[in-house]
Amino acid sequence: MALELGLNATRLETRRFPDGEKYLRVLDEVKGEDVVVIQSIHHAPDDLLVEYLLLVDTLKDLGAKKVIGFIPYFAYARQDERFHPGEALSFKTVCKLLESVGTDEVYTIDTHQHRVLKSSDVLSIPSHNLTAMPLLADYISKSGVLKKPLVIGPDMEAERWAKIAAERLGTDYDIFEKKRLADEDVELRPRKASAKDRDVLIVDDIISTGGTIVEALKILFSQGAKRIDVACTHPILASGALSKIYEAGAQTVVGTDTVPSPISYVSVAPLITEQVRKAGLA
Ligand code: R5P
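Now for a description of the structure that goes with this document. Please read all numbers here as calculations on a predicted model, not as lab measurements.

Topic: the overall build of the chain
Helices and strands together make up the secondary structure of the chain, namely 8 helices and 14 strands. Computed over the C-alpha atoms, the radius of gyration of the chain is 20 Å, within 12% of the 19 Å expected from 2.2 N^0.38 for a compact globule of 282 residues. Looking at the 282 residues of the chain, the share that counts as buried comes to 47%. Considering only contacts within the chain whose residues lie at least 6 apart along the sequence, 63% involve residues at least 24 apart. Both charge centroids of the chain, one from 35 positive and one from 42 negative side chains, sit 4 Å from each other.

Printed below as a string of structure tokens:
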């Protein structure tokens, strides 16, 4: 991305101390500079979050003028409510930490915003939630395998992504109603549209355990869908999720590289470079 933008990529050294703590050193001069930090906080979220906090605090301490954080996958966003008494409001806590180290502005991609509808409800710095859905829809469209697919968002929150993908593909969409019963267990209920004799594209922000997608596949196949493909922004793919989804009959599953995975075929780099240019940083 730095090459593409004609910017310098600042070198960092990171390693672990013998006791497991993280060591971080910024190897280039950053005094007076605007610095773009790109850090996805995925599979080892605590580790990567601490690395982000150490980095931004150090950059500011070394005299960086402004730090703009790009956090393609923003872990902890799903714990945005106290579902049981005494639970941590993790989303709020992480937002506080980002601000406290001196992040001046933050960009995320398809951050889970179920109950907290706008990042500005939890962040006082400028924040922007970008979407990778047009990139995913373009990938599906270029592959040319789905004929005017019905786009399905597996829950209410996915409506915004289903709408974007359907518009991009020039087709129709619907959503399901979802009730989460446990971490790996969900119940889905269809609404109006029927998948009978249709190609279908399921779109969602995250595939974690795969439970949501597997339930959606069951309903759509029982309605008579011809072929079902799946696209998500963040392929977390915990607990053998990908095998479960293929075993349930999905034809192809595609995700972006906000989270590195075997199905991260779509890069969000163009989304990030576009924003860096728009912000006048390159
Ligand atoms: C939840 O509302 C999200 O949009 C995803 O549907 C959810 O995180 C997927 O999780 P899983 O793959 O574990 O069902």
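Section: the packing of helix α2 (residues 45–61) against helix α3 (residues 90–100)
Interaxial distance between α2 and α3 falls to 9 Å at its minimum, and their mutual angle equals 25 degrees. The orientation of α2 with respect to α3, classified from their angle, is roughly parallel. Facing α2, whose interface residues are Leu49, Tyr52 and Leu53, α3 presents Val94, Leu97 and Leu98. Tallied by class, the residues present in the contact of α2 with α3 amount to 6 nonpolar, no polar and no charged.

Quick notes on the site of the ligand
Contacts to the ligand come from 16 residues, most closely from Asp204, Asp205, Ser208, Thr209 and Thr212. The side chain of Asp205 places a nitrogen or oxygen atom 2.5 Å from an oxygen atom of the ligand. Taking Gly210, its main chain carries an N or O atom lying 2.8 Å from an oxygen atom of the ligand. Those elements giving two or more residues to the shell around the ligand turn out to be β9 (177–182), β11 (199–207) and α6 (211–223).

Digging into the layout of surface pockets
Within this model, the largest pocket holds a volume of roughly 1,100 Å³. Taken together, 38 residues line the largest pocket, and the ones lying closest to its centre are Arg78, His112, Arg180, Asp183 and Ser208. Those elements that provide at least two residues to the lining of the largest pocket are β9, β11 and α6. Take the lining of the largest pocket: its biggest share by element is 5 residues, from β9.

The rules behind each value
- Residues numbered from 1 in each chain as written.
- Predicted model: local features only at pLDDT ≥ 70, side-chain atom pairs only at ≥ 80, totals over all residues.
- Heavy atoms only, no water.
- Helix = DSSP H or I, 4+ residues; strand = E, 2+ residues; numbered from the N terminus.
- Rg over C-alpha atoms; globule rule 2.2 N^0.38 Å.
- Buried < 20%, exposed > 50% of the residue type's maximum accessible area, 1.4 Å probe, protein only.
- Contact = heavy atoms within 4.5 Å.
- Lys, Arg positive; Asp, Glu negative; His and termini not counted.
- Charge placed at Lys NZ, Arg CZ, Asp CG, Glu CD.
- Axes fitted to C-alpha atoms, helices over the stretch in contact; angles between N-to-C directions.
- Parallel < 35°, antiparallel > 145°, perpendicular 65-115°, else oblique.
- Nonpolar A, V, L, I, M, F, W, Y, C, P; charged D, E, K, R; others polar.
- Near = heavy atom within 4 Å.
- Polar contact = N/O pair within 3.5 Å; in protein donor to acceptor, adjacent residues only side chain to side chain.
- 1 Å grid on protein atoms, 1.4 Å probe; cavity = no way out; pocket = protein on both sides within 12 Å on 5 of 7 lines; lining within 4 Å.
- Points joined across faces, edges and corners; volume = space filled by probe spheres on them.

Geometry only, nothing functional implied.
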